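Listed below are the residues making up each chain.
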Amino acid sequence: MENNFKMIAKTMYGFEPVLAKELMALGAMDVKEGTRNVSFVGDKGFMYKANLCLRTAIKILKPYQSFKIFSEEDLYKQIYALPWENFMDVDDTLAIDATVHSETFTHSQYISLKTKDAIVDRFRDKFDKRPNVDLDFPTLRVNIHIEKNFCNVSFDSSGQSLHKRGYKTATNIAPINEVLAAGMLMLSGWDGQCDFLDPMCGSGTILIEAAMIACNIPPNLNRKEFAFERWKDWDEDLFEKIEASVLKKVREFHFTIQGYDTAPSAVHKAIDNIENANLTEFVKVKRQDFFASEKEGERHLHMLFNPPYGERLEIDMPKFYKEIGDTLKQAYPGTDAWFITSNLEAIKHVGLRPSRKFKLYNGALESKLLKYQIYQGSKKAKFQE
């Protein structure tokens, strides 16, 4: 089909297979994993759907042109030659994002500046007037990616990073990124088919993402705007059709999603954010010390949490992680417990052997997502059944 085109979904390290799986489930064609990105083919409606529905994507880029460059002058000439007036008017605004991996071109901000100059000079020469820059809400957001001597020019269809779902008004000291939360849940195999607990829930991000996965709610439903809404070919009717079709796939949830935190302020923030996401009927939060808690009921429990790393809170880490292990062993039989940590030394004090490990990044911190399987009764008994 001639209306199909290639797109690139950017993601975080470690989530490429998860994102590829999401894209295939949505109906993307020619899905290929890269490093921190996955490329795919679809039409305009699919681009709208990808922005609405992908949980582990940060941006959806629409590639426009690729060419070789050997100097900044080359870059300027090639950018200047492109028909920018087809995509924006002189009274519109633009923003440039640049990523550079090259020995020749080393400064991404300078590349952004050079690109902006070429575009506005073309307008000035053609129309005696130039568009302005608007870094926050431009009509057109242009993405420049330079790898060695190859320059890829793309249009950013998302605008603000897709982790900004629109439900967070309140956060705690170091809130977890929504894409990281969703990616961890999907790596952990969470599918909404059992009870869920985040025993150190902070401002509630993991709980909200868990509920949206359980109910198959599109993660970016609450966003105020996508960049493609300012494009010349914006089709509001098509977008509304796509939105209506994905909302039809929302499903019922018959288990419990709970969050604990010891800080009253965190509990209040989590409750506010859950309300903003319209998930109050699915998610309950209470003030509770995990180390003084025990599993409620006999049913299988899926647990995922982000314990403090000692980066921002003064904690006796060996003791803290030993308590995590002890609490899981003694009070949480029949539980799949997952947590992420960048404190790789502290893991040794959990006193349990993880059955799975994934390398991820929480911001700039190299981290591990670990799974601990806590059996009903003893492990030995489990295997004799």
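Keep in mind the model is a prediction, meaning the values are calculated, not measured.

1. Structural notes on the overall build of the protein chain
- Check the secondary structure of the protein chain and you find 10 helices and 15 strands.
- Overall, the C-alpha framework of the protein chain stretches about 75 × 45 × 40 Å when taken along its three principal axes.
- Among the 385 residues that make up the protein chain, the fraction classed as buried is 51%.
- For the protein chain, restricting intrachain contacts to residue pairs at least 6 apart in sequence, the fraction spanning at least 24 positions comes to 77%.
- For the protein chain, the exposed surface amounts to about 18500 Å²; the carbon and sulfur share of it is 49%.

2. Here's the deal with the nonpolar core
- Of all hydrophobic cores here, the largest spans 52 residues; its most connected members are L23, F40, I60, I79, W84 and I144.
- Top contributing element to this core by residue count: helix α2 (residues 44-53), with 6 residues.
- With 41 residues, the next largest nonpolar core counts L187, I206, I217 and A277 among its residues.

3. Some thoughts on the packing of aromatic side chains
- Summed over all chains, the structure comprises 31 aromatic pairs.
- With a centroid separation of 5.9 Å and an interplanar angle of 70 degrees, the aromatic rings of F320 and Y321 are classed as edge-to-face.
- Members of the aromatic cluster, connected to one another through ring pairs, are F290, F291, F305, F320, Y321, Y332, F339 and Y372.
- Positioned above the aromatic ring of Y361 is the side chain of R36, whose terminal nitrogen or guanidinium carbon lies 5.9 Å from the ring centre.

4. Focus: the environment of P17
- Considering the arrangement of structural elements, one finds P17 in helix α1 (residues 16-26).
- On the basis of relative accessibility, which here comes to 43%, the residue P17 falls in the partly exposed class.
- C-alpha of P17 to C-alpha of G183: the two residues are 166 residues apart in sequence and 10 Å apart in space.

5. Some details on the sheet that holds strand β12 (residues 301-305)
- Judged by pairing direction, the sheet is mixed, and its 7 strands sit side by side in the order β11-β10-β9-β12-β13-β15-β14 without closing on themselves. Looking at which strands have only one partner, the edges of the open sheet turn out to be β11 (283-287) and β14 (356-362). Neighbouring strand axes in the sheet, compared pairwise and without regard to direction, differ in orientation by 20 degrees on average.
- Relative to the sheet, helix α5 (residues 178-187) contacts β9 (195-198), β12, β13 (335-341), β14 and β15 (365-374), its axis offset from that of β14 by approximately 170 degrees.
- Helix-sheet contacts for helix α6 (residues 205-214) involve β9, β10 (257-261), β11 and β12, and the interaxial angle to β10 is about 175 degrees.

6. Considerations on the pairing of strand β3 (residues 37-42)
- The buried count for β3 comes to 5 of 6 residues, which makes it a mostly enclosed element.
- The sheet contact formed by strand β1 (residues 5-10) and β3 spans 6 bridges and is antiparallel. Counted as the bridge partner of K10 is N37 from β3.
- Pairing of strand β2 (residues 29-33) with β3 involves 3 bridges; the strand directions are antiparallel. Bridge pairing links K32 to S39 in β3.
- Linking β2 to β3, which pair antiparallel, is a turn of 3 residues; within it R36 sits at a positive phi near 60 degrees.

7. Quick notes on the packing of helix α3 (residues 72-80) against helix α4 (residues 108-127)
- Closest axis-to-axis distance for the α3/α4 pair is 8 Å, and the angle between their directions is 40 degrees. Relative to α4, α3 is oriented oblique. Our pair here, α3 against α4, has a crossing hand that is right-handed. Between α3, through E72, E73, L75, Y76, I79 and Y80, and α4, the contact on the second element is made entirely by Y110, I111, K114, T115, D117, A118, I119, D121, R122 and D125.
- In terms of residue class, the contact of α3 with α4 is built from 8 nonpolar, 1 polar and 7 charged.

8. A few points about α2
- With 9 of 10 residues buried, α2 lies mostly within the body of the structure.
- Taken residue by residue, α2 has G45, F46, M47, Y48, K49, A50, N51, L52 and C53 as its buried positions.
- Against the buried residues of α2 lie β1, α1, β3, β4 (59-68) and α7 (236-247).
- One side-chain oxygen at the N-terminal end of α2 lies 3.3 Å from the backbone nitrogen of G45; it belongs to D43.

9. Points about the pairing of strand β8 (residues 150-156)
- Of all 7 residues that make up β8, 5 are buried, and the element is covered over most of its length.
- Relative to β8, strand β7 (residues 140-147) runs antiparallel, the two being bridged by 6 bridges. Among the inter-strand pairings, E147 is bridged to a residue of β8, identified as F150.
- With antiparallel pairing between neighbouring strands as the criterion, β7 and β8 make up a hairpin whose turn holds 2 residues, including K148 at a positive phi of roughly 55 degrees.

10. Overview of the confidence of the model for the protein chain
- Summarising the model, the protein chain shows a mean pLDDT of 93, and 95% of its residues fall at 70 or more.
- The low-confidence segment residues 380-385, where pLDDT is below 50, has 2 contacts with residues more than four positions distant or belonging to other chains.

11. Quick word on the side chain of T327
- With respect to the element layout, T327 can be found in helix α9 (residues 317-331).
- Residue T327 is classed as buried on the basis of its relative accessible area, which comes to 7%.
- Among residues more than four places away in sequence, those in contact with T327 are F290, F291, S293 and Y332.

12. Remarks on the packing of α5 against α6
- Relative orientation of the contacting elements α5 and α6 amounts to 55 degrees, with a least axis distance of 9 Å. As summarised for this structure, α5 and α6 are arranged oblique, according to the angle between their axes. Between α5 and α6 lies a crossing of right-handed hand. Facing α5, whose interface residues are E178, A181, A182, M184, L185 and M186, α6 presents T205, I206, E209, A210 and I213.
- Here the contact of α5 with α6 is composed, by residue class, of 8 nonpolar, 1 polar and 2 charged.

Rules used throughout
Residues numbered from 1 in each chain as written. Predicted model: local features only at pLDDT ≥ 70, side-chain atom pairs only at ≥ 80, totals over all residues. Heavy atoms only, no water. Helix = DSSP H or I, 4+ residues; strand = E, 2+ residues; numbered from the N terminus. Buried < 20%, exposed > 50% of the residue type's maximum accessible area, 1.4 Å probe, protein only. Contact = heavy atoms within 4.5 Å. Areas by Shrake-Rupley, 256 points an atom, 1.4 Å probe, with all protein chains shown as cover. Core = buried A, V, L, I, M, F, W, Y, C linked by side-chain atoms within 4.5 Å. Phe/Tyr/Trp six-rings, centres within 6.5 Å; stacked < 30°, edge-to-face > 60°. Lys NZ or Arg CZ within 6 Å of the ring centre and 35° of its normal. Pairing = 2+ DSSP bridges. Axes fitted to C-alpha atoms, helices over the stretch in contact; angles between N-to-C directions. Parallel < 35°, antiparallel > 145°, perpendicular 65-115°, else oblique. Left-handed = near helix turned anticlockwise from the far one by under 90°. Nonpolar A, V, L, I, M, F, W, Y, C, P; charged D, E, K, R; others polar. Polar contact = N/O pair within 3.5 Å; in protein donor to acceptor, adjacent residues only side chain to side chain. pLDDT = per-residue confidence, 0-100.

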